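Structural overview
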Amino acid sequence: MYNILTFHFVLAFASCADLPTLYEYYTGDGVTSGLSVDQPYFTLNGKNITIYSGAMHYFRIPPQHWRDRLRKLRAAGLNTVETYIPWNLHEPRNGSFDFGSGGSDMEMFLDLEGYLTAAQEEDLLVIVRPGPYICAEWEWGGYPSWLLRDENVKIRTAEATYMEYVERYFNTLLPILAKYQFTNGGPIVAVQVENEYGYSPEIDKEYLQQLYDIVKNNDIVELLVTSDGASSGTSGTLPGLLFQTVNFGGDAATVFGILEGLQPGKPLMGMEFYPGWLDHWTDVHHTVTDNDFKNNYEDVLSYPASVNLYMFHGGTNWGFLNGASIESSDDNSEFEPCTTSYDYDAPLTEAGDYTSKYDIIKELVAQYNPVQTLTPEPPALVERQAYPDLPIDGQLSFNDIVSKTTSIPSTMILSMEQLPINDNSGQSYGYSVYRQEGLNITADSTLTITGHIRDTVMILIDGVLISNPLSSSDDLNNFGYWRLDNSTITLTTSDLTEVTLDIVIENWGRANGGLFYHQLKGLMDDNHVYLNDQELTYWLIYPLEFKKSFNNELSGWNSVEDGDLPKGPGLYRATLTLSDDITDTFIDMSEWNKGLVIVNGFVLGKYAFIGPQQTLYLPGPFLQPGNNEIIIFEHFKPASAVKFSKDTIFNTP
Ligand SMILES: *[C@@H]1O[C@H](CO)[C@@H](O)[C@H](O)[C@H]1NC(C)=O
Ligand SMILES: *[C@@H]1O[C@H](CO)[C@@H](O)[C@H](O)[C@H]1NC(C)=O
Ligand SMILES: *[C@@H]1O[C@H](CO)[C@@H](O)[C@H](O)[C@H]1NC(C)=O
Ligand SMILES: *[C@@H]1O[C@H](CO)[C@@H](O)[C@H](O)[C@H]1NC(C)=O
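Bear in mind that the values here come from a model prediction, so they are computed numbers and not experimental data.

Section: helix H3 (residues 66–75)
- Counting buried residues in H3 gives eight out of ten residues, a clear majority hidden from the surface.
- What H3 keeps buried is the set Trp66, Asp68, Arg69, Leu70, Lys72, Leu73, Arg74 and Ala75.
- In the segment just after H3, Gly77 is the residue with positive phi, at about 100°.

Remarks on helix H8 (residues 252–262)
- Among all positions in H8, only Ala252, Val255, Phe256 and Leu259 are buried. In a view along the axis of H8, the buried residues occupy a sector of 90°, so they form one face of it. In H8, the exposed residues that point more than 90 degrees away from the buried face are Ala253 and Gly261.

Some words on the nonpolar core
- Of all hydrophobic cores here, the largest spans 168 residues; its most connected members are Tyr297 and Phe546.
- It is helix H6 (residues 160–179) that provides the largest number of residues to this core, a total of eleven residues.
- Residues within four places of Tyr297 in sequence aside, it is in contact with Leu78, Phe273, Val307, Leu309, Ile361, Leu364 and Val365.
- Counting residues in hydrophobic clusters, the runner-up holds 27 residues, among them Leu439, Ile453, Leu523 and Ile541.

So, the UniProt feature "domain: Beta-galactosidase galactose-binding" (unreviewed entry) in the chain
- Sequence positions flagged by UniProt for "domain: Beta-galactosidase galactose-binding" (unreviewed entry) are, in local numbering, residues 569–628.
- From the first C-alpha to the last, residues 569–628 spans 23 Å; its make-up is 0% helix and 55% strand.

What to know about empty space enclosed by the protein
- Summed over the entire model, instances satisfying the criterion amount to three cavities of 30 Å³ or more.
- Each pocket or cavity is described by its volume, and for the largest cavity that value is around 50 Å³.
- Trp281, Thr282, Phe335, Glu336, Pro337, Leu476, Trp482, Arg483, Trp508 and Ile610 are the residues that line the largest cavity.
- The class makeup of the residues in the lining of the largest cavity is seven nonpolar, one polar and two charged.
- Per-domain counts for the lining of the largest cavity show at least three residues from each of domain 1 (2–368) and domain 2 (405–548).

Some thoughts on the sheet that holds strand S17 (residues 431–441)
- If you trace the six strands from one edge of the open sheet to the other, you get S16-S25-S17-S22-S19-S20, paired in antiparallel fashion. Each having just a single partner strand, strand S16 (408–410) and strand S20 (464–465) make up the two edges of the open sheet.
- Here five bridges tie S17 to strand S25 (residues 539–544), and the two strands are oriented antiparallel to one another. Its bridge partner lying in S25, Tyr431 is registered against Leu544.

Some words on the pairing of strand S8 (residues 223–229)
- Among the seven residues that make up S8, seven are buried, leaving the element largely enclosed by the rest of the structure.
- Here strand S7 (residues 188–192) pairs with S8 via three bridges, running parallel. Following the sheet pairing, Gln192 is matched in S8 by Val225.
- A crossover connection joins S7 to the parallel S8 through helix H7 (residues 205–217); in handedness this β-α-β unit is right-handed.
- As defined by bridge partners, S8 adjoins strand S9 (residues 243–248) across five bridges and the pair is classed as parallel. Counterpart to Val225 in the pairing with S9 is Phe243.

Let's talk about the environment of Gln372
- Turning to its location among the elements, Gln372 is positioned in the loop between helix H10 (356–368) and strand S14 (390–391).
- Considering only alpha carbons, one finds Gln372 and Phe59, 313 residues apart in sequence, at a separation of 31 Å.
- With residues near it in sequence (within four places) discarded, Gln372 still touches Leu19, Pro20 and Ala366.
- In terms of polar contacts, Gln372 uses its side chain to reach the backbone carbonyl oxygen of Asn369, at 3.3 Å.

The rules behind the values
- Residues numbered from 1 in each chain as written.
- Chains lettered and ligands numbered in written order.
- Predicted model: local features only at pLDDT ≥ 70, side-chain atom pairs only at ≥ 80, totals over all residues.
- Heavy atoms only, no water.
- Buried < 20%, exposed > 50% of the residue type's maximum accessible area, 1.4 Å probe, protein only.
- Helix = DSSP H or I, 4+ residues; strand = E, 2+ residues; numbered from the N terminus.
- Arc of directions from axis to C-beta.
- Core = buried A, V, L, I, M, F, W, Y, C linked by side-chain atoms within 4.5 Å.
- Contact = heavy atoms within 4.5 Å.
- UniProt positions renumbered as here; feature names shortened; annotations may be inferred.
- 1 Å grid on protein atoms, 1.4 Å probe; cavity = no way out; pocket = protein on both sides within 12 Å on 5 of 7 lines; lining within 4 Å.
- Points joined across faces, edges and corners; volume = space filled by probe spheres on them.
- Nonpolar A, V, L, I, M, F, W, Y, C, P; charged D, E, K, R; others polar.
- Domains from an automatic or database assignment.
- Pairing = 2+ DSSP bridges.
- Right-handed = clockwise from strand over helix to strand, strands pointing away.
- Polar contact = N/O pair within 3.5 Å; in protein donor to acceptor, adjacent residues only side chain to side chain.

Printed below as a string of structure tokens:
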């Protein structure tokens, strides 16, 4: 049968039927060598290659959508996907690892082998960046918080205790990566050692040498690279052992000119070229215009150079995993937490939609890539809908919540990491409640916490919030937040007898770079707490981690009278009942104030009305037919409903 449809089909097919896949082109005659930099251009298995790469972090994408995102990347004409590997997720407790079945709350994101396999099956090469430090605007730059329990540990140096932990982790991770190397028939063509080490406040070349040795001892044979800003010179690398790449947002000619000077006769590669940028809470949502992006990207391709787009698809900082910036001081005064969305104004949006930058990439790569291979049709969009508004159908007060956790009595103040829980790995994320019972507080008494709060604090007396709600970004300069050095609040205007005082400290994400050595959260040594002039000691400390096991067992929900929602921290529940029309969506939190959203036990992420982010991406695969429990931990003031949006919303703070 011949009709116009089959005619089109035959034409479309014929035009690319003679093209080989990427793997047919590079490995069709067997594999004898990997990525080589022994000449002024890259070769792979002896054939010329320009690396057109895009960054996509498996741990920021729902695994059920990995294929969709990878295929979209390949369909843009890119030949390589790049990913960081986060130590804090893969070794969530001291000595216990999770690569997809380790039982941690993030387990579903951690099947690294599944991601590498999917990338290869989608006809992509892979660059991995296992750190151990990754920055990535990720909680403590990817370091596990339990490292903070050992005061000897000096991250990013050759200090022996730190290196023991690094070596144990790498000896577990690298054998997994080794199997997936290109010359072993897998997709990995390059492995990065450390990350922007040239920016480290303390450069220790012995550290890089030891990392290099550990990598080599684990049979990593593919190209080893470092990446740094051009201004770092060779301070972040080991010339001759590690191949140097550069990170930049524009002015390719200058940047590659410097790199050619540093590494004469070698190919050029940008490991991080920024088509967009990240947001912190209170920022104006960052964007890079199509025009700037197009000009800057074309400058790179025409130079010509290889390049990795950071990010091609940003994804989401689930749960508690956002990082934060700190500028020049490590006392937390300049703390700036990253938003939950890591949309990054990237060519594929947080929910995987195409943008005009995607089209620009497809067009430019087709124009500049001298090697033609078969690329797939761009996949259809993943469906999304706005589900109907949901009423709040249950409520738990702050005291209800605290009563479901176990207290840790302590004469001294302990940070969350120092708590003797989680097999002595401490508390990594969430909130810690520091409680005093049976206090007599006279009228006009003040509470003072010395130092800077890490990161926010709420004060409750007998379960009632005393500190002010967050009403604007300016409030971040006041009591309740990190900017004040020494925070003081008046507790009461009348005499109180035998009351319970709660100091609720939130970890809003550990800094991901710079002077980020002191990242303990909660109250600690430099926070002395005074009631008037008297220092308070003897604490009951309650870890509020909101783990899946805890969230899924919440019970005793109180009914909610219409329009009668209490103020202050509490949990609010709504139920989304679905048949089989389950799609992706966004939860619109613009009418709420500040807190966390939990879906079927999984902490989806943090929200704060100050923006710019107003909506939380909720992937369809996190929902199920039947009832879905949506629980909100709101600090200050609940809204009367849970609302949804088909699209993302950013405001201007
Ligand atoms: C590989 O690229 C180099 C530099 O552009 C060029 O001189 C050489 O001819 C190319 N080799 C092949 C086989 O195309
Ligand atoms: C990790 O566990 C080992 C063995 O129990 C212990 O000796 C070490 O102190 C722990 N490290 C940290 C940072 O807690
Ligand atoms: C608090 O006041 C009550 C009533 O006046 C008194 O019985 C109690 O001993 C006081 N507690 C402390 C710790 O001073
Ligand atoms: C904070 O309190 C400490 C200890 O009382 C004091 O040394 C310091 O000067 C205070 N800082 C400010 C900014 O008042």
